[in-house]
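These are the residues of each chain, in order.
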Amino acid sequence: MTTMEFTRQIFPFHGGVHPPEMKDLSNRAPIVKMPIPNKLVIPLQQSIGNSAQPVVNVGDVVLKGQLLAASNGTVSAAVHAPTSGKVIAIDAQQVAHPSGLAELCITLETDGRDEWIAKEKFDWQAAMARGDAKAVRDYLQEMGVVGQGGAVFPSHLKLFGREALETLVINGAECEPYITCDDRLMRERALEIVAGISIVRQMLNAKQVLIGIEDNKPEAVAALREVLKTCGFAAEVVVVPTLYPSGGAKQLIKLLTNIEVPSGVRSTELGVQCFNVATVYSIYAALEQAEPVISRIVTLTGNVERPGNVEALIGTPIDDLLKFAGVKTASDYIYGGPMMGFTLPSTKVGLTKAGNCVIAMDAAHFPEKPREMPCIRCGECAVACPAELQPMDLYWFARAKNFGKAQEWNLFDCIECGACAYVCPSSIQLVDYYRFAKSEIWDAERAKKSADTARERHEFKQFREEREKEEKAARLAAKSAPKPAAAVADAAPVDADDKAAKIRAAMARAAAAKGETPAEIAAPALDPEKAAKIKAAMEKRAAEKAELDALSPEEKAQRDLDKKAKIEAAMAAAAAKKAAKAAGEEAEVAAPAEPVVEKPAIDDEKAAKIRAAMAAAAAKKAAKAAGEAAPVAPVETPAEPVVEKPAMDEEKAAKIRAAMAAAAAKKAAKEAGEAAPVAPVETPVEPAGEKPAIDEEKAAKIRAAMAAAAAKKAAKQAAEGKE
């Protein structure tokens, strides 16, 4: 390795490790253009933000550079067709992610013609001249430019306007072992990189430009320095020691400027912004060549026959890349570097904008990981951590799922460089625990955000409903409020005109629906005479209402009384008229042809019963009278009972008839002049146990009366004998 000259003071960061570089496997050969594969699998999640939204359908034929999916939100970037072909699928497929989950992808069947869509170059310089930096940022978002150092952060978000940026840092460190794509890019395309740096510098109005490159890339340093001599702006290539992870943004800023970016603070707030060399190359290609990000440089290394760097289309299956590199027998494949990369779930997945390296693992360089042992709290991880964290504590918090505590201990400051796991004597895969904890926290935050959004939507719905109720109540109140007479009089003609206009418009729509021409419906809906009558009637009603509103309460009461009297008089007149009419009709009616048979008040059967009852009552009365005063006339029994039910029971009647017969016999004997001895009056013997025919009191009265009559008769006979 060529000895490098350090031209600027370097400010070392905390920690770091120096694993075997293994870069010489792939940095010897120039970049090769990868042949166009038969099929491309293009994931729509090509940035750290939202997935792009597809704008094509299955079966569409597209050209190279044509938009396939538009950006979805601010933190998102568009996706374009890497070559010409036909869309054969838009579905969920497995992507290059450690989870192995499926995401929405567009599958493009290539036609081999590689035909470009018409390029329309954006005049970014004119936009900058008129101060429209936003137009430049929007254009870069539409061209799908994202950070290609591994984070795939949308670049347009880092190009916001500032009055003056103190330092623009260009990251060419490429500190991960095995990876050499940036190294080869700087060597072979230094001119385009410097042009991109010039654009970014102009957009951010940076005062100074520092390009950080590790000292294990002397050719790249030389190439950039050569181009910078004629670039027309001040920029310095700063050689930094080879120490992992000097390629981290915060670590490189510290190395070059001695500025430490605290937790939760963005480097732009401290006057520093950092871009990867591959990213500024993409910015140059988008603004100067009108080419979206449809390909990238990727390192193919490890257990392959032809390690090196290829320029491959986005979406190229990893299988095709490995075949092109001459893959040998490999146990697994690492996507990215050995420190921060992950094992691919499948080699069928397509290349993404973040895919800077594919490593075919072999047993010699990637032995099987030893079994994890308990943490012995040796503190080696804390010594190696470039973010100055306490990895062993974060490990325990993550393992215990104490995510709140892990956040308090700045879990999200971890850049997942893997230095802690690299030095861990217990072989604990510490980064895996940190990733697990981060994903759990992100899920919880997403759930909370969804709940907050739902709550806000519900509250807004309630607010809208309340507002509509109030508006409706206000409209009803305004409608029910009395209108001034003048306003009513003025509004009546307008209402009539509006009504007529609405009727005409409705008839016109109906005629149009029937296919009639406007001439056929030229006639007005109402003739002038009828409209005038309607208008006069409405005016009359308005005048009457106005007159009524103008009356005082006393006048209104008097008016009501007068109205009521008129109604009563009218009703009386109507009744008299009706009676007179009825009388006239009766006079005119002739005698009926047959006499009208009046219906008896009661029917014959009922009348007979009544008469029988009355006769029985009379007989009873007579019998009573005969018992109280002599002579007693015999009671004649009706020849036929009028009613079936006797007035009294038979026994009682027999006794009465016997008494009456005895009385009649005595009377007859008296009239015959016979001096017959007065027989004692025998009291009828009452059968024992039987109820007397008449009560005792009445019988006593009868016996007393009969005894008095006998005594009177005997005294009379005695007096007649003496004479």
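Just above sits the structure.
The model shown is predicted, which means the values in this text are computed figures rather than measured ones.

Caption draft 1: Representation of the sheet that holds strand β6 (residues 79-80) within the structure. In spatial order, the strands read β3-β5-β6; together these three strands make up an open sheet with antiparallel pairing. On the outer flanks of this sheet lie β3 (53-54) and β6, each paired with one strand and no other. Of the strand pairs in this sheet, β3 and strand β5 (residues 67-70) are connected by two bridges, and their pairing is antiparallel. Among the inter-strand pairings, P54 is bridged to a residue of β5, identified as A69.

Caption draft 2: Here's a closer look at the packing of helix α3 (residues 181-188) against helix α5 (residues 218-228). Direction vectors running N to C along α3 and α5 enclose 35 degrees, while the axes themselves pass 8 Å from each other. The two elements α3 and α5 meet at a crossing, and its hand is left-handed. Of the residues in α5, those in contact with D183, M186 and R187 of α3 are E219, A220, A223 and L224.

Caption draft 3: Region of interest: the packing of α3 against helix α7 (residues 277-289). Their axes nearest at 9 Å, the elements α3 and α7 cross at an angle of 50 degrees. In terms of axis orientation, α3 runs oblique to α7. Here D182, L185 and M186 of α3 lie close against α7, whose contacting residues are V277, A278 and Y281. For the contact of α3 with α7, the per-class residue count stands at five nonpolar, no polar and one charged.

Caption draft 4: Representation of the packing of aromatic side chains within the structure. Tallying each qualifying case throughout the model produces nine aromatic pairs. Taking 4.7 Å as the distance between ring centres and 15 degrees as the angle between the ring planes, the aromatic pair formed by F122 and Y139 counts as stacked. One end of the pair, F122, is in the loop between β8 (102-110) and α1 (124-129); the other, Y139, is in helix α2 (residues 133-142), and 17 residues separate them in sequence. Ring centres of F397 and W409 lie 5.7 Å apart, and the angle between their planes is 55 degrees; on these two criteria the pair is classed as tilted. Taken together, the residues span a long stretch of sequence, with F397 in helix α10 (residues 391-399) and W409 in the loop between α11 (403-408) and α12 (419-423) at a distance of twelve residues. The buried category is assigned to F397, whose relative accessible area is 16%. Taking relative accessible area as the criterion, W409 reaches 35% and is therefore assigned partly exposed. In textbook terms, an aromatic cluster arises when at least three aromatic residues are bridged by ring pairs, as seen for Y395, W396 and Y433. Sitting over the face of the ring of W116, K119 holds its NZ or CZ atom 4.1 Å from the ring centroid. The cationic tip of K158 hangs over the ring face of F275; the distance from NZ or CZ to the ring centre is 4.6 Å.

Caption draft 5: Spatial organisation of the side chain of E174. Among the structural elements, E174 can be located in the loop between β9 (165-171) and α3. Here E174 is in contact with K23, I179, T180, C181, D182, D183, E214 and K217, once residues within four sequence places are set aside.

Caption draft 6: Focus on the environment of H365. With respect to the helices, strands and loops of the structure, H365 is situated in the loop between β17 (357-360) and α9 (380-384). For H365, a relative accessible area of 43% puts it in the partly exposed group. Along the chain, H365 and G302 lie 63 residues apart, while their C-alpha atoms are 8.4 Å from each other. With residues near it in sequence (within four places) discarded, H365 still touches M22 and Y178.

Caption draft 7: Spotlight on the sheet that holds strand β15 (residues 333-335). Pairing within the open sheet is mixed, and its six strands lie in the order β1-β14-β13-β17-β15-β16. Edge strands, defined here as strands with exactly one partner in the open sheet, are β1 (32-33) and β16 (342-343). Of the strand pairs in this sheet, β1 and strand β14 (residues 308-313) are connected by two bridges, and their pairing is parallel. Bridging across to β14, V32 finds its partner in V310. α3 rests against β13 (295-302) and β14 of the sheet, and its axis sits at about 125 degrees to β13.

Cut-off values and rules
- Residues numbered from 1 in each chain as written.
- Predicted model: local features only at pLDDT ≥ 70, side-chain atom pairs only at ≥ 80, totals over all residues.
- Heavy atoms only, no water.
- Pairing = 2+ DSSP bridges.
- Helix = DSSP H or I, 4+ residues; strand = E, 2+ residues; numbered from the N terminus.
- Axes fitted to C-alpha atoms, helices over the stretch in contact; angles between N-to-C directions.
- Left-handed = near helix turned anticlockwise from the far one by under 90°.
- Contact = heavy atoms within 4.5 Å.
- Parallel < 35°, antiparallel > 145°, perpendicular 65-115°, else oblique.
- Nonpolar A, V, L, I, M, F, W, Y, C, P; charged D, E, K, R; others polar.
- Phe/Tyr/Trp six-rings, centres within 6.5 Å; stacked < 30°, edge-to-face > 60°.
- Buried < 20%, exposed > 50% of the residue type's maximum accessible area, 1.4 Å probe, protein only.
- Lys NZ or Arg CZ within 6 Å of the ring centre and 35° of its normal.

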